[in-house]
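Coordinate analysis (summary)
Now for the letters of each chain:
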Amino acid sequence: MNINEEFAVSVGPDLISLQDIEKLFALKNDHVLKIIKQFVDLCKPSKLTVISDIEEDIEYIVQKTLSNREESNLNVKGHTIHYDSFYDQARDKENTKVLIPKGEYRSPWINTMDRDDGLEEILEIMDGCMKGRECLVRFFCLGPINSKFTIGALQLTDSFYVAHSEDILYRKGYEEFKKLNGSDDFFYFIHSSGNLVGNPPVTKNIEKRRIYIDLQESRVLTVNNQYAGNSLGLKKLALRLAIYKANNEDWLTEHYFILGVRPKGKNRVTYFTGAFPSACGKTSTAMLPGQLIVGDDIAYLRAWGDGFAHAVNIEKGIFGIIKDVKAKDDPVIYDALITPRELIYSNVLVKDGKPYWLGMGVEPPEDGFNHYGQWTNGTFDENGNKVPFAHPNARYTIKLTDLSNCDPKLDDPNGVPIHGIFYGGRDSDTMPPIVESLNWEHGIFLGATIESETTSATLGVTGVRKASPMANLDFLVVPLGKYLNNHNNFGIKLKYCPHVFSTNYFLKGKDGKYLNGILDKKVWVIWAEGRTRGDYDAIKTPIGYLPEYEDLKMLFRTELDKDYSKEEYIEQFTIKINFLLEKLNRMEKMYKAEKEIPQFFWDILFMQRSGLIGLQKKIGKEEIIPFELD
Ligand code: SPV
Ligand code: MN
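Residues numbered from 1 in each chain as written. Chains lettered and ligands numbered in written order. Predicted model: local features only at pLDDT ≥ 70, side-chain atom pairs only at ≥ 80, totals over all residues. Heavy atoms only, no water.

1. Considerations on the overall build of the chain
Applied cut-off: By definition, any uninterrupted DSSP run of H or I lasting at least four residues is a helix, any uninterrupted run of E lasting at least two residues is a strand, and each is numbered from the N terminus. Only C-alpha atoms enter the radius of gyration; for comparison, a globular chain is expected to reach 2.2 Å times N to the power 0.38, where N is the number of residues. The buried label applies to any residue whose accessible area, calculated with a 1.4 Å probe on protein chains only, is under 20% of its type's maximum; exposed applies above 50%, and partly exposed to all values in between. Contact definition: two residues touch when any of their heavy atoms are within 4.5 Å. Only the protein chains shown count as cover for residues, with accessible areas throughout obtained via the Shrake-Rupley method and a probe of 1.4 Å. We score Asp and Glu as negative and Lys and Arg as positive, and we do not count His or the chain ends. All charge positions are set by atom: Lys at NZ, Arg at CZ, Asp at CG, Glu at CD.
Within the chain, the regular secondary structure consists of 18 helices and 35 strands. Here the chain has a C-alpha radius of gyration of 25 Å; the compact-globule value for 630 residues is 25 Å, and the two agree. In terms of overall dimensions, the chain has a C-alpha envelope of 80 × 55 × 50 Å along the principal axes. In the chain, which comprises 630 residues, the share counted as buried stands at 60%. Across the chain, every contact between residues at least 6 apart in sequence was considered, and the portion connecting residues at least 24 apart equals 73%. When the accessible surface of the chain is totalled, it reaches about 25000 Å², and 50% of it is carbon and sulfur. Computing the positive centroid from 77 side-chain charges and the negative centroid from 89, the chain places the two 2 Å apart.

And the structure:
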């Protein structure tokens, strides 16, 4: 028997229609058939449905997610609401593990597990996990159609919500799979929500939630979850597989947005990527008024023939945090959220078919349905915590093309040339609002040392700083040293290396108040754009280049119609040597915990330290204003 016959016999006509079998055979890919057979045998669904790229198949998903109540209609046409389990509202870091074969190095920074043990455990949990349920077979593309960047993705899931979300967020891939010519060069993802309970149906056995990343087979197995960060193969699960692939080849996979910057009065678009840890301003930078958005979460970058790094968004939609989206501050998103279109809300409060979220700028009702279930103001959960009316990590899922600032180059198979990279931290007292790196290696250092401050629960205590290299620590699957080396080698190949900038929108004054307004980031971004085009001079310091006062004054005027005083500049851009030295000490301690950190990292760290100490001696002060360096 050949593989087709074997598949048809073993999977059988009670499970799959003849028409769907034909859809699979048309791919002429034995690897696809083998994977499906293996996981149908294991997960034991009662039905197998193959979804191709045609409208009718996609529409089937939308109908079924409604009829099985994974989603429900809201008042506005095309809007639906989905709920995840009360205990499945964010990425489960503890149970997301990278499976490492015996004898291979296991980095202390990465949550790893012995591969054999991990597979044994998860395959046992997945045994029969789809019993009585329908399993969907989906094909997608990570990246634009017909592009060198793009990687195929096969998804098996018993969740129509997952499938529906992926239709909004990712590009169709059934026809692209035909072009693989039988190769196994694709990622695959097996997902099951596991046993469901309640109405709407949510995952029951959360204690058996597992997300295991098997680099060796380019696959992720994930079970007993629904929250998109855990369940959707193509989002953070594929990110890890792609980081592995890129780091073993010669390109980059990053937790980057892609932004087209359009300075006033200059007829050009300059593309930037940017990585920011949570709550450091990533979405607000990607959605900066007057600019263009290509992507808000994940990018692949390759060295291109024109000498630039080119980037593509591997997604075509946004799974965005809805908290604090207000008509006043986020008019583009807000408008998309209240007008008819295909849109999934998750984990917000619904009353009379209307959604309400935290920080919406609208008074919420006193009761309704939310991630807890039937909710009234004053509901406490089983741990005695007051249940907010909506979850702080509640989300919306929409297509990028539904935003008025979507860049027409979203689907360009060549991607966009990247002139600059932002790394955004959050600290109240150390880094200036914007710093440009001295060179590419120093840019990697800036990315590797961004810190974000969590506000402590204890009153009066300064925030606890957490470093996340390139805002990618949660997704690293290769040792940090290898990752930093790959970055470095990538830059060496480029004729035009991106300029690298660190931002800090959260600097506070001596009175504890933020020194910058929410929109001031526009000035930093436009200044950075000008630097990549040679428009502005800058002041060289041991920590990088700082803007000159006159340039910022002019940009505050033209971009924001605001005054920017010398006093403000001095307060924001003063080099605080002791704080910066403390940061270097923290970084040294942290990076010493990992082996084989590249030498350039240490060279820069020690050079910065001696540069700062030298400056302190020369000027005789601990706080130095940029004018003193001119
Ligand atoms: C993030 O947390 O970085 C997200 C959302 O983009 S999630 O899909 O949960 O990863
Ligand atoms: Mn993200």
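2. Observations concerning the coordination of the manganese ion (ligand 2)
Basically, it comes down to this: Sodium, potassium and calcium take a 3.2 Å donor cutoff, other metals 2.8 Å, and in both cases only N, O and S atoms count; water is not among them, so sites may look incomplete.
The protein atoms that coordinate the manganese ion (ligand 2) are Lys236 (NZ), His255 (NE2) and Asp297 (OD), at distances of 2.2 to 2.4 Å. Each donor residue of the manganese ion (ligand 2) belongs to the same chain, with the gaps between them written as K-x18-H-x41-D. Linking Lys236 in helix H9 (residues 233-248) with Asp297 in the loop between strand S17 (292-295) and strand S18 (299-303), this pair joins segments that are 61 residues apart in sequence. The pair formed by Lys236 and Asp297 is uniform in burial state, with each residue classed as buried.

3. A closer look at the sheet that holds strand S20 (residues 317-321)
Short version of the rule: If DSSP finds at least two bridges between two strands, the strands pair. Note on method: axes are straight lines fitted to C-alpha atoms, helices fitted across the in-contact stretch only, with angles between N-to-C directions ranging 0 to 180 degrees.
Pairing within the open sheet is mixed, and its 5 strands lie in the order S2-S3-S21-S26-S20. With one partner strand each, in any of the chains shown, strand S2 (71-73) and S20 form the two edges of the open sheet. The average angle at which neighbouring strand axes cross in this sheet is 25°, direction not considered. Of the strand pairs in this sheet, strand S21 (residues 343-346) and strand S26 (residues 395-399) are connected by 3 bridges, and their pairing is antiparallel. Along S26, the bridge assignment pairs Ile344 with Thr397.

4. Some points on helix H6 (residues 160-169)
Using the following cut-off: For this analysis, a polar contact is any N or O atom pair within 3.5 Å, provided that within protein one partner can donate a hydrogen and the other can accept it, and provided that sequence-adjacent residues contribute only side-chain to side-chain pairs.
Of all 10 residues making up H6, 10 are buried, and the element is well covered by its neighbours. All buried positions along H6 are accounted for by Phe160, Tyr161, Val162, Ala163, His164, Ser165, Glu166, Asp167, Ile168 and Leu169. The N-terminus of H6 is capped by Ser159, whose side-chain oxygen sits 3.3 Å from the backbone nitrogen of Tyr161.

5. Comments concerning the packing of aromatic side chains
Counted only if it meets this: For Phe, Tyr and Trp, where Trp contributes only its six-membered ring, two rings pair if their centres lie within 6.5 Å, and the inter-plane angle classes them as stacked under 30 degrees, edge-to-face over 60, or tilted in between. Charges are assigned to positions over rings by a cutoff of 6 Å between ring centre and Lys NZ or Arg CZ, combined with an angular limit of 35 degrees from the ring normal.
What the rule picks out here adds up to 38 aromatic pairs. Between the aromatic rings of Phe86 and Tyr87, the centroid separation amounts to 5.2 Å while the plane-to-plane angle is 90°, which identifies the pairing as edge-to-face. Phe86 sits in the partly exposed class, given a relative accessible area of 23%. With 6.2 Å between their ring centres and 70° between their planes, Phe506 and Tyr514 make a pair best called edge-to-face. We classify Phe506 as buried; its relative accessible area is 13%. Through successive ring pairs, a cluster of aromatic residues spans Trp524, Tyr549, Phe556, Tyr564, Tyr569, Phe573 and Phe627. Here the basic side chain of Lys521 rests over the ring of Tyr505, its NZ or CZ set 5.0 Å away from the ring centre.

6. Considerations on the site of ligand 1
Operational definition: Near, as used in this document, describes a residue that has one of its heavy atoms within 4 Å of the molecule or strand being considered. In this classification, Asp, Glu, Lys and Arg are treated as charged, Ala, Val, Leu, Ile, Met, Phe, Trp, Tyr, Cys and Pro as nonpolar, and every other residue, Gly included, as polar.
Taken together, Arg91, Tyr227, Gly229, Lys235, Lys236, His255, Asp297, Phe319 and Arg395 form the complete shell of residues around ligand 1. With respect to ligand 1, the side chain of Arg91 contributes an N or O atom lying 2.8 Å from an oxygen atom. The separation between an oxygen atom of ligand 1 and a polar side-chain atom of Lys236 is 2.7 Å. Against a free-state accessible area of 280 Å², the protein chains account for coverage of 87% of ligand 1. A breakdown of the residues in the shell around ligand 1 according to their chemical character gives 2 nonpolar, 2 polar and 5 charged.

7. Thoughts on the pattern of salt bridges
Basically, it comes down to this: One speaks of a salt bridge when a side-chain nitrogen belonging to Lys or Arg is within 4 Å of a carboxyl oxygen belonging to Asp or Glu.
One pass over the full model with this rule turns up 48 salt bridges. For Asp167, the salt bridge goes to Arg138, with nearest N and O atoms at 2.7 Å. One end of the pair, Asp167, is in helix H6; the other, Arg138, is in strand S6 (residues 134-142), and 29 residues separate them in sequence. In this structure, Glu176 and Lys179 form a salt bridge, with 2.6 Å as the shortest nitrogen-oxygen distance. Among the charged side chains, a salt-bridge network with shared partners connects Lys235, Lys236, Lys282, Asp297 and Glu315.

8. Remarks on the domain arrangement of the chain
Accessible area lost on assembly of the parts is the figure often given for the size of an interface. The condition is simple: Domain delimitation in this document rests on an assignment produced automatically or drawn from a domain database. Accessible area that two parts lose when put together, with a 1.4 Å probe and added across both, is what the buried area reports.
Along its sequence, the chain is carved into domain 1 (3-71 + 86-248), domain 2 (253-316 + 410-628) and domain 3 (319-402). Taking the mean C-alpha position of each, domain 2 and domain 3 sit 31 Å from one another. Facing the 8 residues of domain 2 at the interface are 5 residues of domain 3. Here domain 2 and domain 3 share an interface that buries about 560 Å² over both sides, 72% of which is from carbon and sulfur atoms. On the domain 2 side of the interface with domain 3, the three residues burying the most area are Met287, Lys316 and Leu410, jointly 59% of the side's total. Here domain 2 is connected to domain 3 by 0 salt bridges. The interface formed by domain 2 and domain 3 includes 1 residue pair in polar contact (both at pLDDT 80 or more). Of all the elements, S17 adds the most residues to the side of domain 2 that touches domain 3, at 3 residues. Broken down by class, the residue content of the side of domain 2 that touches domain 3 amounts to 4 nonpolar, 3 polar and 1 charged.

9. Focus on the packing of helix H14 (residues 521-532) against helix H15 (residues 549-560)
How we decide: Should the near helix be turned anticlockwise from the far one by less than a right angle, the crossing is termed left-handed; should it be turned clockwise, right-handed.
H15 packs onto H14 with a crossing angle of 115° between their chain directions and a minimal axis gap of 9 Å. Crossing of H14 against H15: the hand is right-handed. Residues Lys522, Val523, Trp524, Ile526 and Trp527 of H14 lie in contact with H15, whose contacting residues are Asp551, Leu552, Leu555, Phe556, Glu559 and Leu560. In terms of residue class, the contact of H14 with H15 is made up of 8 nonpolar, no polar and 3 charged.

10. Section: a negative patch on the surface
Spelled out, the test is: Patches here are clusters of residues that have more than 30% relative accessible area and form no salt bridge, with a 9 Å joining cutoff for like charges and a 5 Å cutoff for nonpolar side chains (Val, Leu, Ile, Met, Phe, Trp, Tyr).
Residues Asp511, Glu567, Glu568 and Glu571 make up a contiguous surface patch of negative charge. Its place among the elements puts Glu567 in helix H16 (residues 566-573).

11. A few points about the side chain of Lys316
If you trace the backbone, Lys316 turns up in the loop between strand S19 (309-313) and S20. Notably, Lys316 is buried but unbridged: the nearest opposite-charge side chain belongs to Glu342, and the N-O separation is 6.9 Å. Dropping the residues within four chain positions of it, Lys316 is found in contact with Asp167, Ile168, Leu169, Tyr170, Arg171, Lys399, Leu400 and Leu410.

12. A short note on the environment of Lys204
Within the secondary structure, Lys204 is located in the loop between strand S11 (202-203) and strand S12 (210-214). For the pair Lys204 and Ser85, spaced 119 residues apart in sequence, the C-alpha to C-alpha distance is 7.8 Å. Setting aside residues up to four positions removed in sequence, Lys204 forms contacts with Asn195, Leu196 and Val197.

13. Quick word on the packing of helix H12 (residues 440-448) against helix H13 (residues 480-493)
Running from amino to carboxyl end, H12 crosses H13 at an angle of 145°, the nearest separation of the two axes being 10 Å. The element H12 and its partner H13 pack so that their crossing is right-handed. On the side of H12, the interface is formed by Trp440, Glu441, Ile444 and Ala448, while H13 contributes Leu484, His487, Asn488, Phe490 and Gly491.

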